[in-house]
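# Structural overview for review
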Amino acid sequence: MRCFVVELNTSHSIFFARFRGVTVINAYQDKEFISIVGELLTHKDIQDLKYYKHHYYNTRFAHSLEVAYTTYKWCKKFNLDYRAGARAGLMHDMFYYDCKDTPDMVSNHLDDHPYIALLNARQLTDLTPMEEDMILKHMWLPFKRKPQYKEGWALTIADKYHAVMDWVVVPVKNRMKKYAELYERQEGYVQLNEKRIY
């Protein structure tokens with residue numbers, strides 16, 4: 001049993017580091033990406049996203065940065081408008097409330113927050129029609145508003161990918177770590193008892 005827990009924990013840590021934490025580090029090191037979103041990144045409205053939890057285990061700022069960088073990389077790889085992908089990705093969840101704290105908003109949050117994000121993004125900067133469409137339709141799966149552009153599909157998929165990372169991978173990692181620590185403590189207790197002379 002011990003090997004099973006340790007192996008799962010180790011492989012998960014590698015998976016987590018490769019696909020999650022590295023995204024934010026790489027985003028800050030990518031000079032071209034920073035040249036595209038740098039002005040937005042330093043704006044107070046974007047920085048304020050750091051104060052809101054997102055998907056329980058992340059901040060809205062970190063989630064938006066991860067989505068923006070992933071969308072940027074995918075758009076660049078497939079010769080799409082990576083500038084629009086990076087900018088729309090950073091602003092796609094630009095809302096300033098916690099839907100768990102406002103019960104009347106919970107039911108409509110999935111449908112309403114793209115509109116709110118779009119209004120906030122319009123106040124922050126001038127948007128292209130493509131960027132507006134990407135922000136407005138990034139919640140395609142629940143509400144069937146299909147993105148008009150390929151870049152919008154990249155943003156939608158990147159958003160869902162990072163949401164799964166937030167909802168599934170982080171809790172599993174935390175749970176496996178707790179189980180590994182608990183098992184180590186129990187094994188240590190057994191070893192102590194075996195060494196005792198009665």
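Structure's up top.
For clarity, every value in this text was computed on a predicted model and none was experimentally measured. (Residues numbered from 1 in each chain as written. Predicted model: local features only at pLDDT ≥ 70, side-chain atom pairs only at ≥ 80, totals over all residues. Heavy atoms only, no water.)

## Let's talk about the environment of Glu 66
Threshold: Numbered from the N terminus, helices here are DSSP runs of H or I no shorter than four residues, and strands are runs of E no shorter than two.
Among the structural elements, Glu 66 can be located in helix α4 (residues 60–77). Taking the C-alpha atoms as reference points, Glu 66 and Asp 159, separated by 93 residues in sequence, lie 8.6 Å from one another.

## Concerning the packing of helix α2 (residues 31–41) against α4
Our working rule: For helices, the axis comes from a line fit to the C-alpha atoms of the stretch in contact; other axes are also lines fit to C-alpha atoms, and the angle between any two N-to-C directions lies between 0 and 180 degrees. Left-handed describes a crossing whose near helix is turned anticlockwise from the far helix by less than a right angle; the clockwise case is right-handed. Here, two residues are considered to be in contact whenever any of their heavy atoms come within 4.5 Å of each other.
With their axes 11 Å apart at the nearest point, α2 and α4 run at an angle of 145 degrees to one another. In the packing of α2 onto α4, the handedness of the crossing is right-handed. Between α2, through Glu 32, Phe 33, Ile 36 and Leu 41, and α4, the contact on the second element is made entirely by Phe 61, Leu 65, Ala 68, Tyr 69, Tyr 72 and Lys 76.

## Considering the pattern of salt bridges
Note the threshold: Each reported salt bridge corresponds to a side-chain nitrogen of Lys or Arg within 4 Å of a carboxyl oxygen of Asp or Glu. Think of it in three bands: residues with accessible area under 20% of the maximum for their type are buried, residues over 50% are exposed, and the middle band is partly exposed, with areas taken using a 1.4 Å probe on protein chains only.
For the structure shown, the criterion picks out six salt bridges. In this structure, Arg 122 and Glu 132 form a salt bridge, with 3.1 Å as the shortest nitrogen-oxygen distance. Taken together, the positions of Arg 122 in helix α6 (residues 103–124) and Glu 132 in helix α7 (residues 129–136) put the pair ten residues apart, joining distant regions of the chain. The class for Arg 122 is partly exposed, based on a relative accessible area of 43%.

## As for the nonpolar core
Selection rule: Each nonpolar core is a collection of buried residues, namely Ala, Val, Leu, Ile, Met, Phe, Trp, Tyr and Cys, held together in the definition by side-chain atoms within 4.5 Å.
Phe 33, Ile 46, Leu 90, Met 91, Met 94 and Ile 135 are the most contacted members of the largest nonpolar core, which totals 31 residues. When residues of this core are traced back to their parent elements, those giving at least two are α2, α4, α5 (82–91), α6, α7 and α9 (150–195).

## A word on the packing of aromatic side chains
To keep things clear, this is the line we draw: Aromatic contacts are taken between Phe, Tyr and Trp rings whose centres are within 6.5 Å, Trp giving its six-membered ring; a plane angle under 30 degrees counts as stacked, one over 60 as edge-to-face, and the others as tilted. Charge-over-ring placement is defined geometrically: NZ (Lys) or CZ (Arg) within 6 Å of the ring centre, and within 35 degrees of the ring normal.
This model, assessed by the stated rule, comprises four aromatic pairs. Look at Phe 33 and Tyr 69: their rings are 5.0 Å apart centre to centre, the planes differ by 80 degrees, and that puts the pair in the edge-to-face class. Taken together, the residues Phe 33 in helix α2 and Tyr 69 in helix α4 connect sequence positions 36 residues apart. The pair formed by Phe 33 and Tyr 69 is uniform in burial state, with each residue classed as buried. Directly above the ring of Phe 61 sits Lys 50, whose terminal nitrogen or CZ lies 4.8 Å from the centroid. Between Lys 76 and the ring centre of Tyr 82, over which it is positioned, the NZ or CZ distance is 5.4 Å.

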